[in-house]
Amino acid sequence: MRRGAAWGTMEKTVFRRENREDDAVAATAVRTRHADHDHVQLDGFVAPGETPEEQADRALSFADKLLREYCDGRLADVTMIRHYVREDLLPEAEFEIGRACRNHFEAPNLPGTVMVGVSDVVGGDHAVKMEMEATIPHEREATDVVELPPPPGYTNSAERSE
């Protein structure tokens, strides 16, 4: 099967950091244009800061700037964030990163999130590395909210004791 014929054509934009030239092994972000939306994936990135909250805040500010200035989007278009957090900083870092996220996102435009404890964050002495995905509609509509019960056995951060 020929993918081009079955899937149609796709416009792709690769964003990479200045002065990286040929030593880069991955793009900072990739945007693909589709019929009714653009899909943006931000590579795992770290931001400076003394605390997990400062690092998360600066990372979210970077993502917001990239989406607004280069993709005609905004943080409200982010559909998923993956936080890779040094496990020696958990659970305190979870609360700090949560505070930074609450300062950048407003209901009902909240992304899905996952937080993964890792032994180390590549890229220096950082507490958190983030990956993000955004779906930027070509035409804006209201966000529908559906309230769901928690999954069986669910506990929130405040209820955990580890």
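Within any chain, residue numbers begin from 1 and follow the written order of that chain's sequence. The predicted nature of this model means local features are confined to residues of pLDDT at least 70 and side-chain atom pairs, given and counted, to a pLDDT of 80 or more, with totals for whole chains, interfaces and linings taken over all residues. Values shown for side chains rest on all heavy atoms present in the structure; no hydrogens or waters enter the calculation.

### Comments concerning the overall build of the protein
Alright, step 1. Every helix listed is a DSSP run of H or I at least four residues long, and every strand listed is a run of E at least two residues long, numbered separately from the N terminus. Counting its secondary structure elements, the protein contains three helices and six strands.
Alright, step 2. Element order for the protein, N to C, with α for helix and β for strand: α-β-β-β-α-β-α-β-β.
Alright, step 3. Among the 162 residues that make up the protein, the fraction classed as buried is 31%.
Alright, step 4. Every residue pair with non-hydrogen atoms within 4.5 Å of one another is taken to be in contact. Within the protein, contacts between residues at least 6 apart in sequence are counted, and of these 71% link residues at least 24 apart.
Alright, step 5. Only the protein chains shown count as covering a residue, and every accessible area follows the Shrake-Rupley method with a 1.4 Å probe. Surface exposure of the protein reaches about 11100 Å², of which carbon and sulfur atoms provide 48%. For each residue, the accessible area found with a 1.4 Å probe, counting protein chains only, is set against the maximum for its type, and the residue is called buried under 20%, exposed over 50%, and partly exposed in between.

### Notes on unusual backbone geometry
Alright, step 1. Note that the residue after L90, namely P91, is joined by a cis bond; omega there is 5 degrees.
Alright, step 2. Phi at D72 takes a positive value of approximately 55 degrees, unusual for a residue other than glycine.
Alright, step 3. Relative to the assigned elements, D72 resides in the loop between helix 2 (52–71) and strand 4 (78–86).
Alright, step 4. Judged by its relative accessible area of 67%, D72 is exposed.

### Brief notes about helix 2
Alright, step 1. Here helix 2 is 20 residues long and its end C-alpha atoms lie 27 Å apart, about the 28 Å a rise of 1.5 Å per residue gives.
Alright, step 2. Residues of helix 2 that are buried include every one of P52, Q55, A56, A59, L60, A63, D64, L66, L67 and C71, and no others.
Alright, step 3. Looking at the packing, one finds that the buried side of helix 2 touches strand 1 (11–15), strand 2 (29–33), strand 3 (37–45), strand 4, helix 3 (92–104) and strand 6 (128–137).
Alright, step 4. Following helix 2 by one or two positions, D72 adopts a phi angle in the positive range, close to 55 degrees. Residue count minus one, scaled by 1.5 Å, sets the expected span of a helix.

### Details of the environment of N109
Alright, step 1. Counting through the fold element by element, N109 comes out in the loop between helix 3 and strand 5 (112–118).
Alright, step 2. Under the relative-accessibility criterion, N109 is labelled partly exposed at 25%.
Alright, step 3. Once residues lying within four places of it in the same chain are set aside, the contact partners of N109 are A76 and T143.

### Digging into the pattern of salt bridges
Alright, step 1. Salt bridge criterion: a side-chain nitrogen from Lys or Arg within 4 Å of a carboxyl oxygen from Asp or Glu. Going through the model one piece at a time under the given rule, you end up with seven salt bridges.
Alright, step 2. A salt bridge links D64 to R68; its shortest N-O distance comes to 2.9 Å. Note that D64 and R68 are positioned in helix 2 at a spacing of four residues, about one turn of the helix.
Alright, step 3. Two residues, R86 and D125, come together in a salt bridge whose shortest N-O distance is 3.3 Å. On the criterion of sequence distance, the pair formed by R86 in strand 4 and D125 in the loop between strand 5 and strand 6 is long-range, its members being 39 residues apart.

### Structural notes on the pairing of strand 5
Alright, step 1. Strands were regarded as paired on the criterion that DSSP finds at least two bridges between them. As paired strands, strand 4 and strand 5 are joined by seven bridges and run parallel to one another. Directly across from M80, in strand 5, lies its bridge partner G112.
Alright, step 2. In terms of handedness, the path from strand 4 via helix 3 over to strand 5 forms a crossover that is right-handed. Place the viewer so that the strands point away; then a crossover is right-handed whenever the path from the first strand over the helix to the second strand goes clockwise.

### Side note on the confidence of the model for the protein
Alright, step 1. In predicted models, pLDDT denotes the confidence assigned by the predictor to each residue on a 0 to 100 scale. This prediction gives the protein a mean pLDDT of 84; 85% of its residues lie at or above 70.
Alright, step 2. Within the protein, the element-level pLDDT minimum falls on helix 1 (residues 3–7), averaging 46, and the maximum on strand 4, averaging 96.

### Here's the deal with the nonpolar core
Alright, step 1. Of all hydrophobic cores here, the largest spans 27 residues; its most connected members are V40, L60, L67, V78, M130 and M132.
Alright, step 2. The set of elements that each furnish at least two residues to this core consists of strand 3, helix 2, strand 4, helix 3 and strand 6.
Alright, step 3. The dominant element in this core, judged by the number of residues it contributes, is helix 2, at seven residues.
Alright, step 4. Those residues in contact with V78 that sit more than four places away from it in its chain are L67, F105, P111, M132, E133 and A134. To qualify as a nonpolar core, a set must consist of buried Ala, Val, Leu, Ile, Met, Phe, Trp, Tyr and Cys residues joined through side-chain atoms within 4.5 Å.

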